[in-house]
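An overview of the molecular structure
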Amino acid sequence: MEVRNKNRKVSSVYILLFAIGISLFTYLDFADLAIPYDDAYSVFMVKSSYSDIVKITAKDVHPPLYYWGLKALSAIFGDTIFSLRLFSALGIFATFLLGYFPIRKQFGDRVALMFISLLIMFPVTQYLVTDIRMYSWTMFFVLACAICGYKVYLEGRFRNWGLFLITGLCAAYLHNYGLLSVVGIYIFLLVFLVQKKKEWKRLVYCGIIFSALYTPWLLQLIWQFSDVANEYWIKPLTLNDLFLHIYYFYSPKEVWRPFTDFTKIQMMIGLIIVMGIQLLITLKVLRSGIKNRDEKTYLAIISFLVFLFPILIAALISISYVPILVSRYMTCSFGLFVLSMAFVFDKAYEYPIYRRLTNIFFVLLIFVGGIRVYSGVKYYNETEFLYHNIREFATNDGEKQIFVAADSSYSVMPRLQLIVPDQYFCILKTAVDNDFSPFVFQKIDSIPLCDFILVHHEPKEISAEFRRYQHQLSKRYIFSDSIRALDSYLYKLKLR
């Protein structure tokens, strides 16, 4: 009877956590109306055919599987911003199920409950559920591949090998960091199979099959790698970037998004305290666990090392060849980081002092996550107000407006197409005939001889040039009105 009551209590905690996580993340998907460039890119990819998705991604940096999945979902639920964001949330919900089923079964309820709780509390998870990108699903498949690899290590079985291969392929076809993560999992698994004198040849066969099935994209990846070596948007690593990478998972601030009510210094001090408590707990667990040869302590170390593998490889490539390391790419193996922490906190609960420290850490993490929710929702409301102003500015007695931008300012246009749909959007071509896929613009060679709205993205390096251009236009057009929109300006031009 006592065991049954205990099981009911534990089941109630799982249900409560699922309810909190699903409700919170669904609400954030609904509330987030901001449309950054990357999200707009995914929205327009969905409008392309499955074959065109492959062609477009072949010229980009990401594999096609995510966009295929997103397009399939949109065929069922529509291509609204909310439904497309919800696809990212489903990746997190699927990771919850990894916590409830294989992690709980293999490592116990406390590890599983801490894993799910941490996944909900971390501010970075809120990025994963609202971005219309592939990171949440990559995280799911990387973690699933690692869990299947652990089951292969323990018991073999054809089913485990099959799941190990499939989940690894999905991770690799979702993101290049998914590929790096899977390579790390294969290497670690091979080392431990050889060390324990277990059957390792099957892993080699599995690797050969994986390579054969990934070869179509691997060839494209090699071409992309040589192409981006000449010019790429990722900047070289700096000391500031290094610190940002360290606290990225904990931070309620995004680089391009304002941080509500707290200064950067206040935020950093708070996060250092949170991370310091975690480090103190981790050092205690590692010291005691290694001394006592505790299995979960070793699993925590291995999980963390596998999480770190793609980041270290990317850092080496970034330093020696071409920058490829971006903070958000680390989320591809984030599930392993969370699992490692769950192992550490599970062991910390065996020591009264460190149990209290763990509880303090969880309270502080809830506070940081709560700040992220508050700050995010406030930002979403401000963004929607701005979008409303853009719609009012662009509306002209129900008539369609012509929006024109030079190709150097094209990145603003996709968002405007989603904010103010059913208008005419034109890109003024320069000497270079750029490919703007998957976006759909009308390319024009000269300014139209009629009233139109000029769209200008104004980084400092081209502002002086634009002023000269604006002066030239004023000879034929009247600048009747303007508005600051997103990171750009919109000007209403009337023909003289």
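Residues numbered from 1 in each chain as written. Predicted model: local features only at pLDDT ≥ 70, side-chain atom pairs only at ≥ 80, totals over all residues. Heavy atoms only, no water.

1. Here we look at the nonpolar core
Within the largest apolar cluster, 154 residues are counted, with the highest numbers of intra-cluster contacts made by Phe122, Phe164, Phe249, Tyr250, Phe334, Phe361 and Leu490. Broken down by element, this core gets its largest block of residues, 15 residues, from helix α8 (residues 135–155). Core analysis: the second largest hydrophobic core is formed by 12 residues, Leu428, Ile444, Leu454 and Tyr477 among them. (Core = buried A, V, L, I, M, F, W, Y, C linked by side-chain atoms within 4.5 Å. Buried < 20%, exposed > 50% of the residue type's maximum accessible area, 1.4 Å probe, protein only. Helix = DSSP H or I, 4+ residues; strand = E, 2+ residues; numbered from the N terminus.)

2. With respect to the pattern of salt bridges
Counted by the stated rule, this structure contains 10 salt bridges. The salt bridge partner of Arg85 is Asp39, with a shortest N-O separation of 2.7 Å. Here the residue Arg85 occupies a position in helix α5 (residues 81–107), and Asp39 occupies one in helix α2 (residues 37–46), the gap between them amounting to 46 residues. As far as the burial class goes, Arg85 and Asp39 line up, both buried. (Salt bridge = Lys/Arg side-chain N within 4 Å of Asp/Glu carboxyl O.)

3. Notes on the packing of aromatic side chains
Following the criterion strictly, the structure yields 53 aromatic pairs and no others. On the numbers, 6.2 Å between centres and 35° between planes, the contact of Tyr135 with Tyr329 is tilted. Of the two residues, Tyr135 sits in helix α8 while Tyr329 sits in the loop between α14 (295–320) and α15 (334–348), which places them 194 residues apart along the sequence. By relative accessible area, which is 3% here, Tyr135 ends up buried. (Phe/Tyr/Trp six-rings, centres within 6.5 Å; stacked < 30°, edge-to-face > 60°.)

4. Notes on the environment of Gly276
Relative to the helices and strands, Gly276 is located in helix α13 (residues 264–291). On the basis of relative accessible area, Gly276 is assigned to the partly exposed category, the value being 36%.

5. Let's talk about the sheet that holds strand β5 (residues 477–485)
Reading across the sheet, the six strands line up as β3-β2-β1-β4-β6-β5 and stay open at both edges, with mixed pairing between neighbours. Two strands in the sheet have a free side with no partner beyond their single neighbour: β3 (442–444) and β5. This sheet shows a mean twist of 30° between the axes of neighbouring strands, independent of strand direction. Across five bridges, the pairing between strand β1 (residues 402–406) and strand β2 (residues 424–428) is parallel. Of the residues in β2, the one forming a bridge with Ile402 is Tyr424. On the sheet, helix α16 (residues 352–394) packs against β1, β4 (452–457), β5 and β6 (488–495) and is oriented at approximately 165° with respect to β5. (Pairing = 2+ DSSP bridges. Axes fitted to C-alpha atoms, helices over the stretch in contact; angles between N-to-C directions. Contact = heavy atoms within 4.5 Å.)

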